[in-house]
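Below, each chain spelled out in residue letters.
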Amino acid sequence: MNDCIFCKLVRKEIPTKVVYEDDEVFVFNDINPKAEVHLLIIPKIHIESMLHLSEHHHSLMGKIMVLTNKLALEHGLHGGYKTQINTGLKGGQEVFHLHVHLVGNR
Ligand code: AMP
Ligand code: ZN
């Protein structure tokens, strides 16, 4: 068990509305949305940040990218959207569990 807030969401120790979930990936709404749609897409395993990726993560990260686009379309963002991955202290990362921000207005 760890104290990571996103791991606690994955384990359902903190309640949240689950937008999407499978055996590897978990998606929920950002608590402080910057746009009409603001989802966070995370791997279920605890990876601290992009700085901690290796070749082992090729398929997982590829899956996350393709899923991000699928969710964008499902949420009406056909005209486009922004994705952001803050990495490390100097990258402005606040929660140290790798996450993709999917942000857009319909
Ligand atoms: P960053 O690490 O800079 O990419 O930002 C972390 C993001 O997580 C921020 O946009 C927060 O609003 C969001 N966040 C933090 N805690 C929660 C939570 N319990 N549920 C949903 N989103 C959260
Ligand atoms: Zn975690």
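Keep in mind that this is a model prediction, so the values were computed, not measured.

Caption draft 1: Seen up close, the site of ligand 1. Close to ligand 1 lie 16 residues, the nearest being D30, E94, V95, H99 and H101. Note that a nitrogen atom of ligand 1 is positioned 3.1 Å from one of the backbone N or O atoms of I31. Taking H101, its side chain carries an N or O atom lying 2.6 Å from an oxygen atom of ligand 1. Across the complex, the protein chains shield 86% of the 510 Å² of accessible surface that ligand 1 would expose by itself. Counting residues per element, the ones that place at least two in the shell around ligand 1 are α1 (5–10) and β2 (25–29).

Caption draft 2: Region of the structure containing the coordination of the zinc ion (ligand 2). Binding of the zinc ion (ligand 2) to the protein goes through C4 (SG), C7 (SG), H46 (ND1) and H97 (ND1), at separations of 2.0 to 2.3 Å. Bound by four donor atoms, the zinc ion (ligand 2) shows angles of 106 to 117 degrees at the metal and therefore tetrahedral coordination geometry. Donor residues binding the zinc ion (ligand 2) come from one chain and are separated in sequence as C-x2-C-x38-H-x50-H. We note that C4, like C7, is buried.

What counts, and where the lines are drawn
- Note on numbering: residues in each chain are counted from 1, in written sequence order.
- Both sets of labels track the order of writing: A upward for chains, 1 upward for ligands.
- For a predicted model such as this one, the threshold for reporting local features is a pLDDT of at least 70, and the threshold for listing and counting side-chain atom pairs is 80 or more; totals across whole chains, interfaces and linings nevertheless cover every residue.
- Based on all heavy atoms of the structure, the side-chain values leave hydrogens and waters out of the count.
- Here a residue is considered near a molecule or strand provided that any single heavy atom belonging to it is located within 4 Å of it.
- Two N or O atoms count as a polar contact when they lie within 3.5 Å, although within protein this holds only if one can serve as hydrogen donor and the other as acceptor, and sequence-adjacent residues are included solely when both atoms are side-chain atoms.
- Per-residue and other accessible areas follow the Shrake-Rupley method at a 1.4 Å probe size, with only the shown protein chains counted as cover for residues.
- Numbering of helices and strands runs from the N terminus, with a helix taken as a DSSP run of H or I at least four residues long and a strand as a DSSP run of E at least two residues long.
- Because water is not among the atoms used, a metal site may look incomplete, as its donors are only the N, O and S atoms within 2.8 Å, or 3.2 Å for Na, K and Ca.
- A four-donor site is classed as tetrahedral when every donor-metal-donor angle falls between 85 and 135 degrees; four donors are called square planar, and six octahedral, when trans pairs exceed 155 degrees and all remaining angles lie between 65 and 115, with any other arrangement labelled irregular.
- Three labels apply to residues, based on accessible area from a 1.4 Å probe with only protein chains included: buried if under 20% of the type maximum, exposed if over 50%, partly exposed otherwise in between.

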